[in-house]
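Commentary on secondary and tertiary structure
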Amino acid sequence: EVQLVESGGGLVQPGGSLRLSCAASGFTFSSYAMSWVRQAPGKGLEWVSGINSGGITTRYSESVKGRFTISRDNAKNTLTLQMNNLKSEDTAVYYCAKFPKRTVVAGTIDGYDYWGQGTQVTVSS
């Protein structure tokens, strides 16, 4: 059974940092691209960042480029999102998602076959 379990969310002040993690199990983690997707209150899903199966190639949305860093540890089956200089507009539920290919497609939420339950990130003073 495929499982994706996010952790690390919380309340942070503007300009602060958080590190999200996603623990994966039930599939060969190193064979698939992964992404982070978020949903802000009252809005639809937004693709945030993706990483190819080998961990070398990464992609970011324009809204987070330069502030967020995606990485993965294929030995530990873990996906990470380091979020710096957080803004109020980053407030959302963040999901990790598995893509059924080695290469992620930037900018779309289509095609993902498994999703985690999400972790809440709130940026507020």
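Throughout what follows, the structure given in this document is the object of discussion. Model, not experiment: these values are computed from the prediction. (Residues numbered from 1 in each chain as written. Predicted model: local features only at pLDDT ≥ 70, side-chain atom pairs only at ≥ 80, totals over all residues. Heavy atoms only, no water.)

1. Thoughts on the state of the cysteines
The condition is simple: Our working definition of a disulfide is a cysteine sulfur pair at a distance within 2.5 Å. Secondary structure elements are taken from DSSP: a helix is a run of H or I of four residues or more, a strand is a run of E of two residues or more, and numbering for both begins at the N terminus. Exposure classes here rest on a 1.4 Å probe applied to the protein chains alone. A residue is buried below 20% of its type maximum, exposed above 50%, and partly exposed in between.
This model, assessed by the stated rule, comprises 1 disulfide. Each disulfide pairs two cysteine sulfurs, and for C22 the partner residue is C96, the sulfurs being separated by 2.0 Å. Taking the sign of the S-S torsion, 45° for the link of C22 and C96, the bridge is right-handed. Remark: C96 occurs in strand β9 (residues 92-98) and C22 occurs in strand β3 (residues 18-25); sequence separation between them is 74 residues. For the pair formed by C22 and C96, the shared burial category is buried.

2. A word on the sheet that holds strand β7 (residues 68-73)
This is how the line gets drawn: By definition, two strands form a pair when at least two bridges between them are found by DSSP. Lines fitted to C-alpha atoms define the axes here, with helix axes fitted over just the stretch in contact, and angles between the N-to-C directions of these axes take values from 0 to 180 degrees.
Strands sit in the order β1-β3-β8-β7 across an open sheet of 4 strands; the sheet is antiparallel. Only two strands of the sheet have a single neighbouring strand rather than two, namely β1 (3-7) and β7. Neighbour-to-neighbour, the strand axes of the sheet open up by a mean angle of 15°, direction not taken into account. As judged from the 6 bridges shared by β3 and strand β8 (residues 78-83), these two strands associate in the antiparallel manner. Each residue of the ladder has a partner; that of A23, found in β8, is T78.

3. What about unusual backbone geometry?
Excluding glycine, residues mostly carry a negative phi; peptide bonds, for their part, are mostly trans. A positive phi angle is found at N77, which is not glycine, with a value near 55°. In this structure, N85 is a non-glycine residue whose phi angle is positive, near 50°. Along the polypeptide, N85 turns up in the loop between β8 and β9.

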